[in-house]
Amino acid sequence: MSVSQFLSIVKESNYNIIEIYKQAQDETLIVLSVLLLAIFLILFFIRRSIKISSALKLVDKIQDSETYDEYNQKISLLIEELPKRGIKVAQALNTSKEHILLRTSKLLANMNIEQKVEKYLEVSSAYSQLAKASKKYNIEELTQFYEIKSKELLEINLNEEIAYYYQNTYFTSSEVNNVNAIVKYANNTLNTDLILNPMLVEINKFSYGYNIDLFKFIEKLNEKESKQIFVNCHEKLDELFTSGKAEVSINILDYLLQKNEKEKVYKYISSLELTLYLEQLYNLYFNKKDDLNLDLAFIANPTKINSAYKKYLDEALTNNWRDSEYIDFISKAPGVIDILGHMEFRTLIERMDNISIENENRKMVEEALSIAKRAESIALEAKSLNKRPITSSPSTTALN
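Chemist: With reference to specific residues and values, describe the nonpolar core.
Modeler: With 97 residues, the main nonpolar core has Phe241 and Phe298 as its most contacted residues. A per-element tally of this core places helix α7 (residues 140-167) first, with 10 residues.

Chemist: Help me get a handle on the pattern of salt bridges, residues and values and all.
Modeler: When the charged atoms of two side chains with opposite charge come close together, those side chains can pair. One pass over the structure, following the stated rule, counts 13 salt bridges. For Glu70, the salt bridge is made with Lys74, and the minimal N-O distance between the two is 2.7 Å. Of the two residues, Glu70 and Lys74 are both situated in helix α4 (residues 68-81); the distance of 4 residues between them amounts to about one turn of the helix. One salt bridge in this structure joins Lys97 and Glu141, with 2.9 Å as the shortest N-O distance. With Lys97 in helix α5 (residues 87-108) and Glu141 in helix α7, the pair connects residues that are 44 residues apart, well separated along the chain.

Chemist: Requested: an account of the packing of helix α10 (residues 212-220) against helix α13 (residues 250-258), with residues and values cited.
Modeler: Contact geometry of α10 with α13 gives a least axis separation of 9 Å together with a crossing angle of 40°. When the axes of α10 and α13 are compared, the pair comes out oblique. Between α10 and α13, the residues in contact are Ile212, Phe215, Lys216 and Glu219 and Asn251, Ile252, Tyr255 and Leu256, respectively. A class-by-class count of the residues in the contact of α10 with α13 yields 5 nonpolar, 1 polar and 2 charged.

Chemist: Describe unusual backbone geometry, and please don't skip the residues or the numbers.
Modeler: Despite not being glycine, Asn138 shows a phi value in the positive range, around 55°. Here Asn138 shows up in the loop between α6 (113-134) and α7. Even without a glycine there, the phi angle at Asn287 is positive, about 60°. Take Asn287: it is sitting in the loop between α15 (275-285) and α16 (292-300).

Chemist: So, α16: which residues are in play, and what are the values?
Modeler: Among the residues making up α16, those that are buried are Leu294, Asp295, Leu296, Ala297, Phe298 and Ile299. Considering only its buried residues, α16 is in contact with α14 (262-271), α15, α17 (309-319), α18 (324-332) and α19 (336-340). Measuring from the backbone nitrogen of Asn293 back to the side-chain oxygen at the start of α16 gives 3.1 Å, which picks out Asp291 as the cap.

Chemist: How would you sum up the side chain of Lys97? Please name residues and give values.
Modeler: Judged by its relative accessible area of 7%, Lys97 falls in the buried class. Only 2.9 Å separates the side chain of Lys97 from the side chain of Glu141, close enough to count as a polar contact. With residues up to four places along the chain from it excluded, the contact list for Lys97 reads Glu141, Leu142, Phe145 and Tyr146.

Chemist: I'd like a rundown of the packing of helix α9 (residues 192-203) against helix α12 (residues 228-242), residues and numbers included.
Modeler: In the contact formed by α9 and α12, the axes pass within 11 Å of each other and the chain directions differ by 30°. Our classification of the angle between α9 and α12 gives roughly parallel. Like other packed secondary-structure pairs, α9 and α12 cross with a definite hand, here right-handed. Counting all contacts with α9, which are made through Thr192, Leu196, Met199, Leu200 and Ile203, the residues of α12 involved are Gln228, Ile229, Asn232 and Cys233. Taken together, the residues of the contact of α9 with α12 sort by class into 6 nonpolar, 3 polar and no charged.

Chemist: Which residues make up the packing of aromatic side chains, and what values go with them?
Modeler: Using the criterion set out here, one finds 16 aromatic pairs in the structure. Taken together, a centroid distance of 6.0 Å and an interplanar angle of 40° make the contact between Tyr68 and Tyr71 tilted. Separated by 3 residues within a single helix, Tyr68 and Tyr71 lie in helix α4, roughly one turn from each other. What makes Tyr68 buried here is its relative accessible area of 5%. A centroid spacing of 5.0 Å and a plane angle of 90° characterise the contact between Phe145 and Tyr146, whose relative ring orientation is edge-to-face. Neither residue differs from the other here; Phe145 and Tyr146 are each classed as buried. The aromatic ring of Phe145 is capped on one face by Lys97, whose charged end is 5.6 Å from the ring centroid. The ring of Phe241 has Lys264 lying over it, and the distance from NZ or CZ to the ring centre is 4.8 Å.

Chemist: Hey, could you go over the side chain of Glu175 for me, with residue numbers and the actual values?
Modeler: Tracing the chain through its elements places Glu175 in the loop between α7 and α8 (176-186). One buried charge, Glu175, has no salt-bridge partner; the nearest side chain with opposite charge is Lys220, at 10 Å. Ignoring sequence-local partners within four residues, the contact set of Glu175 consists of Tyr165, Thr169, Tyr170 and Phe217.

Chemist: I'd like a rundown of α18, residues and numbers included.
Modeler: Here α18 has its buried residues at Tyr326, Ile327, Ile330 and Ser331. An end-on view of α18 places all buried positions within 130° of arc, on one side of the element. Those residues of α18 that are exposed and angled more than 90 degrees off the buried face are Glu325 and Lys332.

Parameters at a glance
- Residues numbered from 1 in each chain as written.
- Predicted model: local features only at pLDDT ≥ 70, side-chain atom pairs only at ≥ 80, totals over all residues.
- Heavy atoms only, no water.
- Core = buried A, V, L, I, M, F, W, Y, C linked by side-chain atoms within 4.5 Å.
- Buried < 20%, exposed > 50% of the residue type's maximum accessible area, 1.4 Å probe, protein only.
- Helix = DSSP H or I, 4+ residues; strand = E, 2+ residues; numbered from the N terminus.
- Salt bridge = Lys/Arg side-chain N within 4 Å of Asp/Glu carboxyl O.
- Axes fitted to C-alpha atoms, helices over the stretch in contact; angles between N-to-C directions.
- Parallel < 35°, antiparallel > 145°, perpendicular 65-115°, else oblique.
- Contact = heavy atoms within 4.5 Å.
- Nonpolar A, V, L, I, M, F, W, Y, C, P; charged D, E, K, R; others polar.
- Polar contact = N/O pair within 3.5 Å; in protein donor to acceptor, adjacent residues only side chain to side chain.
- Left-handed = near helix turned anticlockwise from the far one by under 90°.
- Phe/Tyr/Trp six-rings, centres within 6.5 Å; stacked < 30°, edge-to-face > 60°.
- Lys NZ or Arg CZ within 6 Å of the ring centre and 35° of its normal.
- Lys, Arg positive; Asp, Glu negative; His and termini not counted.
- Arc of directions from axis to C-beta.

Pasting the structure below:
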């Protein structure tokens, strides 16, 4: 059937589809298919136009993001949309790329360094994905911009943020998470030392012996997370406490004593070689803390200072002359024999022996008394049994 004939049938049926179908089934199906295809194409292009329009608006909206989360959500959506929405969206992004970067910087500005490390890594990754998504449009300026900025955000911007942080931070226990974030990031870069060595230089400018906040910061570090910073700081502290040539402030020593980490203080005092500072600590601590081990730590130190060690030991031994355990403990403490002298020390040992003999004799007497009491008790019991009357049994009485 020709087209003119089909049109005549349509006209004669007054556009009644059922009548048309009865007279020209095949032609009707073809026409309906064509119409449906046309409608589908129209809807497709309308939908595509709406999507493109939305993507173009999205590019504009990114610049107006009020929060980083809002910005990140829009960037993630743009990464998905860019390869599908045509060159107009790519061109719009190319026009707005600098403004979007500026907005990124503003949104990151007020974050702490831990957050900045995390967010800079996210933004760098997003920019790398935008560079890949834009390649199909052959806009070299756009692709190169995001390829370059993806690297610069970390290698320049983030590194500068980290440098500003450690150059302007007073390292306290509240900074541990920030430091851990930097260490983790640095250890995932090609040149770890480029970031961490300058930070260590800044940390080492602080006084390990007098800065109680730095001391608490080091205490809170974790070897697994802080790694190089942990090792450096603990090596510095260990040297401080064991070299015998460094001052550790009263604040830190008091802090350790209050925390019941007394052994560290004892070892420090017993090995300190700085005469003036040892004498200062002596005046503050010796025989003033009701801590025998602390007092003995001073006595164990061979460094000569103005002290009253001899008087202290004499009084301590006199007041506790019957306490063998106390005397034994004192006698074995380093430096005591040097203070008392060999003669007095021999007398001290003899006193301990006498106390030991007295204790043994006392035990023997107590044991003898105990045995005697038990023997007396047995004798009394036997005597009591002998005095009991003898009674006849019922059977014997009956026979009589």
